[in-house]
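Here is how the chains run, residue by residue.
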Amino acid sequence: MKVKHCTQCQNATYQTDGICVACRIGLPQIHAELADLIKKHKRPKIQTAGTR
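Since this is a predicted model, take the numbers as computed values, not measurements.

**Student:** Before we go on, may I ask you to explain unusual backbone geometry in this structure?
**Tutor:** Working note: non-glycine residues mostly have negative phi, and peptide bonds are mostly trans. Residue Gln10 is not a glycine yet carries a positive backbone phi of 65°. Along the polypeptide, Gln10 turns up in the loop between strand S1 (4-5) and strand S2 (12-13). On the accessibility criterion, Gln10 (51% relative accessible area) is exposed.

So this is what it looks like as structure tokens:
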């Protein structure tokens, strides 16, 4: 089998349609959305009872 590269992310893949499994299930998009949510909703650190 010849190694191809994904048409969306350029990762090596053996899939015949040229799209890797990660892109097929949407992992890059999920990762980008999660990173965006973390940036938008940063909360200050909560001080615990032991550290005064």
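**Student:** Explanation requested: the pattern of salt bridges in the structure shown.
**Tutor:** Oppositely charged side chains may form a pair once their charged atoms are brought near each other. According to the stated counting rule, one finds two salt bridges in the structure shown. One salt bridge connects Asp17 with Arg24, and the closest N-O pair in it is separated by 2.7 Å. The class for Asp17 is partly exposed, based on a relative accessible area of 45%. You can call Arg24 partly exposed: its relative accessible area is 45%. Across the pair Asp36 and Lys40 runs a salt bridge whose closest N-O atoms are separated by 3.5 Å. Here Asp36 pairs with Lys40, and both are found in helix H2 (residues 27-40), just four residues apart, close to one helical turn.

What counts as what
Residues numbered from 1 in each chain as written. Predicted model: local features only at pLDDT ≥ 70, side-chain atom pairs only at ≥ 80, totals over all residues. Heavy atoms only, no water. Helix = DSSP H or I, 4+ residues; strand = E, 2+ residues; numbered from the N terminus. Buried < 20%, exposed > 50% of the residue type's maximum accessible area, 1.4 Å probe, protein only. Salt bridge = Lys/Arg side-chain N within 4 Å of Asp/Glu carboxyl O.

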